[in-house]
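Architecture and fold: a report
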Amino acid sequence: MTRLDPRQARTRYLILLALRWLPSGMLLPVLTLLPLDRGLTLSELGLAAAAQGLVVFLLELPTGGLSDALGRRPVMIAAGLISLGGLALILTADSFLVFALAFAVQGVYRALDSGPLEAWYVDTVQAHDPDADISEGLSRGGTVAGIAIGGGALLAGGLVALGPVGSLEALAVPVVVAALFRVVSVLATMRLLVEPGRVTSWRASLAATREVPGVIGGSLRLLRASRILQSLVCIELFWGVGAIAYESLTPIRMAEVLDDVDRAGAIMGPAAAAAWLASAGGAALAPALSRRLGVAATAAATRLAQAVFIATMTVFAGPAGLLVAFLACYLADGASSPMHMTLLHKEVTGAHRTTIVSLSSMVFQPASAIGMLVLTNVAETASVTTAMLVGAVVIGLAVPLYLPALRAERREPAGEPEGPPAGSVS
């Protein structure tokens, strides 16, 4: 099995990324409406959806270690197959317990799928050239993911608008089509994702599975030894809390501005799709910004811009200004995220890459849950605009945490790496 060169790896990475996110985008418009249409109450829906977050939190680190020990390809294939099981449950669910099980299964998929494709791309490129610039490939990945999610959401909306298909209600049609795309994604992973040097026998797989606790322990030691990694993971905590301000509170703010919940819902559907396309645009702009400012400075500046745009969303009295600020917020997020991940990947090697990415993702989950509890309480007791301002401040407070990476980046030309070499902690 021959090694891929960086161009081939990037092409396959982008194809697989698009196929991974398109089904997810198709679920966005219907994943809350379908359970409600089938009789769940809002509180039951919230509890059922919480099962996904809990499972992701519990499994992020073990599944990251499994990917590092066993290989990216088998973990991604298993994730896709488990996702199909979750989609089948969503399609047939008609009670709280079955929906909760469906969300839990999707949580297993999310945990398995968190990081291995990106880790495979970085490992493949750096195997060809250890000093290769990965920021452009990750930025293109952000662009492709944003387009796939936005396009999937628009496609789902169109399918729902066409009405039911036979005995299948309109809201369930996108779930079926998403499952078909997931099958294509699994087949494409089997065909395109190659890992030279990986032994795939059952004995080797069992031995690799036994290595998982050691991989996790080594990753935690690596985290303790690197100030940069600690700062980047802490940024995820702040971001998890602040993200609630624009992801969950914007529709409520729109309903306030319009004084009409139904009109707000009609506007926010297409606005969410447009927001992901704006995120794709931000990811496309990020490499040009990083060439001028540097990776760390770009990540920090765009994250600060996101905080400013969230705060700006609170001052408009009309829907047009609110929408512009909402799209600008996603534009900044799309530019910041690939730069943030580039900094993260600089600090680790393939032996711990997915585990560290999973750890970063894992801390986002409880932070997001805390943000939902705190900011919704602030919105209820004070106002929605106050809650959004709190979220903006929290994201802004994360910006100084990029300073260790910024200092290390500025020292690189002088040959002064910060701390021990990535992956040197055993």
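Criteria and cut-off values
Residues numbered from 1 in each chain as written. Predicted model: local features only at pLDDT ≥ 70, side-chain atom pairs only at ≥ 80, totals over all residues. Heavy atoms only, no water. Helix = DSSP H or I, 4+ residues; strand = E, 2+ residues; numbered from the N terminus. Buried < 20%, exposed > 50% of the residue type's maximum accessible area, 1.4 Å probe, protein only. Contact = heavy atoms within 4.5 Å. Areas by Shrake-Rupley, 256 points an atom, 1.4 Å probe, with all protein chains shown as cover. Expected span 1.5 Å × (residues − 1). Phe/Tyr/Trp six-rings, centres within 6.5 Å; stacked < 30°, edge-to-face > 60°. Core = buried A, V, L, I, M, F, W, Y, C linked by side-chain atoms within 4.5 Å. Salt bridge = Lys/Arg side-chain N within 4 Å of Asp/Glu carboxyl O. Axes fitted to C-alpha atoms, helices over the stretch in contact; angles between N-to-C directions. Parallel < 35°, antiparallel > 145°, perpendicular 65-115°, else oblique. Left-handed = near helix turned anticlockwise from the far one by under 90°. pLDDT = per-residue confidence, 0-100.

Within the protein, the regular secondary structure consists of 18 helices and 0 strands. Classification of the 426 residues of the protein by burial places 52% in the buried group. In the protein, 85% of the contacts between residues at least 6 apart in sequence involve partners at least 24 apart. Accessible surface computed for the protein: about 18400 Å², of which carbon and sulfur atoms make up 67%.

Attention shifts here to helix α8 (residues 173–192). In a regular helix each residue adds 1.5 Å, so 20 residues correspond to 28 Å; α8 covers 29 Å between its end C-alpha atoms and thus fits that length. Among the residues making up α8, those that are buried are Val173, Pro174, Val175, Val177, Ala178, Ala179, Arg182, Ser185, Val186, Ala188, Thr189 and Leu192. Contacts from the buried residues of α8 go to α1 (6–27), α2 (33–37), α4 (72–92), α5 (96–113), α6 (116–128) and α7 (135–162).

Below, the discussion takes up α5. Given 3.6 residues per helical turn, the α-helix brings residues three or four places apart onto the same face. Helix length check: α5 (18 residues) gives 25 Å between terminal C-alpha atoms against 26 Å at 1.5 Å per residue, within 8%. Just past α5, the residue glycine 115 takes up positive phi, approximately 110 degrees.

What the rule picks out here adds up to 5 aromatic pairs. For the ring pair tryptophan 239 and phenylalanine 364, a centre distance of 5.2 Å and an interplane angle of 65 degrees mean the geometry is edge-to-face. Pair noted here: tryptophan 239 is in helix α11 (residues 227–247) and phenylalanine 364 is in helix α16 (residues 353–381), with a separation of 125 residues, a long-range link. You can call phenylalanine 364 buried: its relative accessible area is 17%. The structure contains a cluster of three or more aromatic residues connected by ring pairs, namely Tyr246, Trp276, Phe326 and Tyr330.

For the rest of this paragraph, the subject is the nonpolar core. With 52 residues, the main nonpolar core has Tyr13, Leu117, Tyr121 and Leu343 as its most contacted residues. The residues contacting leucine 117, other than those within four sequence positions of it, are Tyr13, Leu16, Leu17, Met76 and Leu193. Ala255, Ala271, Met313 and Ala392 belong to the second largest nonpolar core, which has 32 residues in total.

Below, the discussion takes up the pattern of salt bridges. Scanning the entire structure with this criterion turns up 7 salt bridges. Measuring nitrogen to oxygen at the nearest pair gives 3.0 Å for the salt bridge that ties glutamate 136 to arginine 140. Here glutamate 136 pairs with arginine 140, and both are found in helix α7, just 4 residues apart, close to one helical turn. Look at glutamate 136 and you get partly exposed, because its relative accessible area is 28%. Judged by relative accessible area, which is 35%, arginine 140 ranks as partly exposed.

All right, on to the side chain of aspartate 113 then. Residue placement: aspartate 113 occurs in helix α5. Not counting chain neighbours up to four residues away, the residues in contact with aspartate 113 comprise Arg20 and Ala79.

With that out of the way, let us pick up the packing of helix α14 (residues 295–312) against helix α18 (residues 403–411). Where α14 meets α18, the axes come as close as 8 Å, and the angle between the chain directions of the two elements is 150 degrees. Judged by the angle between their axes, α14 and α18 are roughly antiparallel. The handedness of the crossing between α14 and α18 is left-handed. On the side of α14, the interface is formed by Val295, Ala296 and Ala297, while α18 contributes Ala405, Leu406 and Glu409.

The pLDDT averaged across the protein works out to 82; a share of 87% of its residues lies at or above 70. Looking at the elements of the protein, mean pLDDT is at its lowest for helix α9 (residues 202–210), recorded as 54, and at its highest for α14, recorded as 95. Below pLDDT 50 for its whole length, residues 414–426 participates in 19 contacts with residues either more than four positions away or in separate chains.

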